[in-house]
Amino acid sequence: MPRRKSGRISSNPCQAYHGDMKELQVIWAMLKRTGMQRFLAGFALFYILFCFLIQITDPAVESFGDALWFGLNVITTIGLGDYTVTTPLARILVVLLGLGGVLMFAFIPGVMTSYYLERVENKKDETLNQFYDQLVRAPELTDREKKAIAEKTRAIRKKVGK
């Protein structure tokens, strides 16, 4: 089955795979540039540690699996009510875990926005490079190709309001 790549259907699976890999590389670069991959790894450790500490400090949470489930309810602010911690230390840990979850989920839209802006910038650079390549070989272009370039230029100027 053909795969979509940049709004077009690609019948070549290698080409589609390359497009997917390029997007993953952009996402990974964005995560590295923003430090988000370290933040996510740190949050995963924070989450596991706090779930473990909640399990050992509160008798109401009987297993590590229960602690992970409870922790997921806390960080996502769902709060299903399956468990209620009863000891003061466990309550403090739950508050800290909840604040960490809110902080983590607040960063996600920022990273998504950065990723989107990176893609827009790359598309703009790609378009400018195409125009430059066409201008370099302008003497070789046919009248039909020159008209097509002029129409594209007018459309872009109209789009940006110039």
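Computed from a predicted model, the values in this text were never measured in an experiment.

(A) Representation of the packing of helix 4 (residues 88–136) against helix 5 (residues 143–160). It is at 12 Å that the axes of helix 4 and helix 5 come closest, and there the two elements cross at 145°. Crossing angle aside, the handedness with which helix 4 passes helix 5 is left-handed. Judged by residue contacts, T127, F131 and Q134 of helix 4 engage I149, K152, T153 and I156 from helix 5. Classifying every residue of the contact of helix 4 with helix 5 gives three nonpolar, three polar and one charged.

(B) Focus on helix 5. With 18 residues, helix 5 extends 26 Å between its outermost C-alpha atoms, agreeing within 8% with the 26 Å of an ideal straight helix rising 1.5 Å per residue. Among the 18 residues in helix 5, one count as buried, and that is only a small part of the element.

(C) Region of the structure containing a nonpolar patch on the surface. Taken together, I48, F52, I56 and F64 make up a surface patch of nonpolar side chains, about 360 Å² in accessible area. Take the nonpolar patch: its biggest share by element is three residues, from helix 2 (residues 36–57). Structurally, the position occupied by F52 is in helix 2.

(D) Quick peek at unusual backbone geometry. With phi around 55°, T77 is a residue other than glycine that occupies positive phi space. As for its position among the elements, T77 is in the loop between helix 3 (64–75) and helix 4.

(E) Highlighting the environment of V26. Tracing the backbone shows V26 in helix 1 (residues 13–34). Look at V26 and you get buried, because its relative accessible area is 16%. For V26 and E118, which are 92 residues apart along the polypeptide, the C-alpha to C-alpha distance reads 8.0 Å. Setting aside chain neighbours within four positions, we find V26 in contact with Y115, E118 and N122.

(F) Broad picture of helix 2. Its 22 residues give helix 2 an end-to-end C-alpha distance of 30 Å, which sits within 8% of 32 Å, the value for a rise of 1.5 Å per residue. Listed as buried for helix 2 are M36, F43, Y47, F50, C51 and I54. Each buried residue of helix 2 sits inside an arc of 105° when the element is viewed along its axis, so together they form one side. Away from its buried face by more than 90 degrees, helix 2 exposes R38, L45 and I56.

(G) View of the confidence of the model for the protein. Across the protein, pLDDT averages 83, with 87% of residues at or above 70. No element of the protein has a lower mean pLDDT than strand 1 (residues 3–5), at 46, and none a higher one than helix 3, at 96.

About the thresholds
- Residues numbered from 1 in each chain as written.
- Predicted model: local features only at pLDDT ≥ 70, side-chain atom pairs only at ≥ 80, totals over all residues.
- Heavy atoms only, no water.
- Axes fitted to C-alpha atoms, helices over the stretch in contact; angles between N-to-C directions.
- Helix = DSSP H or I, 4+ residues; strand = E, 2+ residues; numbered from the N terminus.
- Left-handed = near helix turned anticlockwise from the far one by under 90°.
- Contact = heavy atoms within 4.5 Å.
- Nonpolar A, V, L, I, M, F, W, Y, C, P; charged D, E, K, R; others polar.
- Expected span 1.5 Å × (residues − 1).
- Buried < 20%, exposed > 50% of the residue type's maximum accessible area, 1.4 Å probe, protein only.
- Patch = residues over 30% accessible without salt bridge, like charges linked within 9 Å, V, L, I, M, F, W, Y side chains within 5 Å.
- Areas by Shrake-Rupley, 256 points an atom, 1.4 Å probe, with all protein chains shown as cover.
- Salt bridge = Lys/Arg side-chain N within 4 Å of Asp/Glu carboxyl O.
- Arc of directions from axis to C-beta.
- pLDDT = per-residue confidence, 0-100.

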